[in-house]
Amino acid sequence: RKEVEQDPGPFNVPEGATVAFNCTYSNSASQSFFWYRQDCRKEPKLLMSVYSSGNEDGRFTAQLNRASQYISLLIRDSKLSDSATYLCVVPGGFQKLVFGTGTRLLVSP
Amino acid sequence: SAVISQKPSRDICQRGTSLTIQCQVDSQVTMMFWYRQQPGQSLTLIATANQGSEATYESGFVIDKFPISRPNLTFSTLTVSNMSPEDSSIYLCSVRDREGSNQPQHFGDGTRLSIL
């Protein structure tokens, strides 16, 4: 299994839809997880950190399933501005982060 | 979070030349990280730069090709040496706001490098 694996998408959804992405990871000892958002030709920006079973911030909910080693990101009431690539990130070896290949989301009017 | 400035923001270079990218942070940090993001790909860690010691390189990256300096706790440089078209990428530096391997990293704006 790859260290971090994501469905590359793209996910095409209409405005107002709810969309969920999954990410699987191989290191069962990982304690923290992150979702980053990357807009086209921009740097990645931290969206959410997940340290326990999950985290919620407005329209965004991240859930962690340690038994199955996956993390999900749920976006409710999608906005046009949510269109971006969402990167799942897991701590790797000493002090490093491992980035997934990203899931591309396109929200259309 | 820390403010990270990278220079240059972009450059177009001839093959065989070298380019040094600078990364300045507005606070002191122990570790600075250098990543590469090739077109259509995710981020790959090149090396971790610690002040006062040699950088730690990831598999597939070597010091001769990507020499790194870390003269103090707020600054680092990455040099891309003897460039070829395959080095065309975005190069990003990042830091953690707080120490600890379970803390997220924050990124500079990146340097977009194209090699002719």
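Up top is the structure.
Rules behind the numbers
Residues numbered from 1 in each chain as written. Chains lettered and ligands numbered in written order. Predicted model: local features only at pLDDT ≥ 70, side-chain atom pairs only at ≥ 80, totals over all residues. Heavy atoms only, no water. Helix = DSSP H or I, 4+ residues; strand = E, 2+ residues; numbered from the N terminus. Buried < 20%, exposed > 50% of the residue type's maximum accessible area, 1.4 Å probe, protein only. Contact = heavy atoms within 4.5 Å. Disulfide = S-S within 2.5 Å. Buried area = accessible area lost by both parts, 1.4 Å probe. Salt bridge = Lys/Arg side-chain N within 4 Å of Asp/Glu carboxyl O. Polar contact = N/O pair within 3.5 Å; in protein donor to acceptor, adjacent residues only side chain to side chain. Nonpolar A, V, L, I, M, F, W, Y, C, P; charged D, E, K, R; others polar.

Undergrad: Sorry, what's going on with the environment of R104 of chain A here?
TA: All names here are of chain A. Note on placement: R104 falls in strand β11 (residues 103-108). The partly exposed category is assigned to R104, whose relative accessible area is 45%. C-alpha separation for the pair R104 and Y86, spaced 18 residues apart in sequence, amounts to 6.3 Å. If we skip the residues at most four places from it in the chain, R104 touches P8, G9, P10, F11, A84 and T85.

Undergrad: Sorry, what's going on with the state of the cysteines here?
TA: Residues and elements named next belong to chain A. The tally for this structure, following the rule as stated, stands at two disulfides over all chains. In this model C23 forms its disulfide with C88; the gap between the sulfur atoms is 2.0 Å. Here the S-S torsion is close to -75°, and the disulfide linking C23 with C88 is therefore left-handed. In this pair, C23 sits in strand β3 (residues 19-25) while C88 sits in strand β9 (residues 84-91), placing the two residues 65 residues apart along the sequence. Summarising the burial analysis for this pair, C23 and C88 share the class buried.

Undergrad: What's the story with the interface of chain B and chain A in this structure? I'm lost.
TA: Where interface size is quoted, it is often the accessible area lost as the parts come together. Every contact between the two is made by 22 residues of chain B and, on the other side, 20 residues of chain A. Counting each side, the surface lost to burial between chain B and chain A is near 1700 Å², with a carbon and sulfur contribution of 52%. Considering only the side of chain B, the residues that lose the most area to chain A are S42, P104 and F107 of chain B, jointly responsible for 25% of the buried surface there. Inspection of the region where chain B meets chain A yields one salt bridge. Measuring nitrogen to oxygen at the nearest pair gives 2.7 Å for the salt bridge that ties K96 of chain A to E58 of chain B. Seen at the junction of chain B and chain A, the total is five residue pairs in polar contact (both at pLDDT 80 or more). Secondary-structure elements contributing two or more residues to the side of chain B that touches chain A are β4 (31-37), β5 (43-50), β9 (89-96) and β10 (105-107) of chain B. Sorting elements by how many residues they give to the side of chain B that touches chain A places β4 of chain B first, with four residues. The class makeup of the residues in the side of chain B that touches chain A is eight nonpolar, nine polar and five charged.

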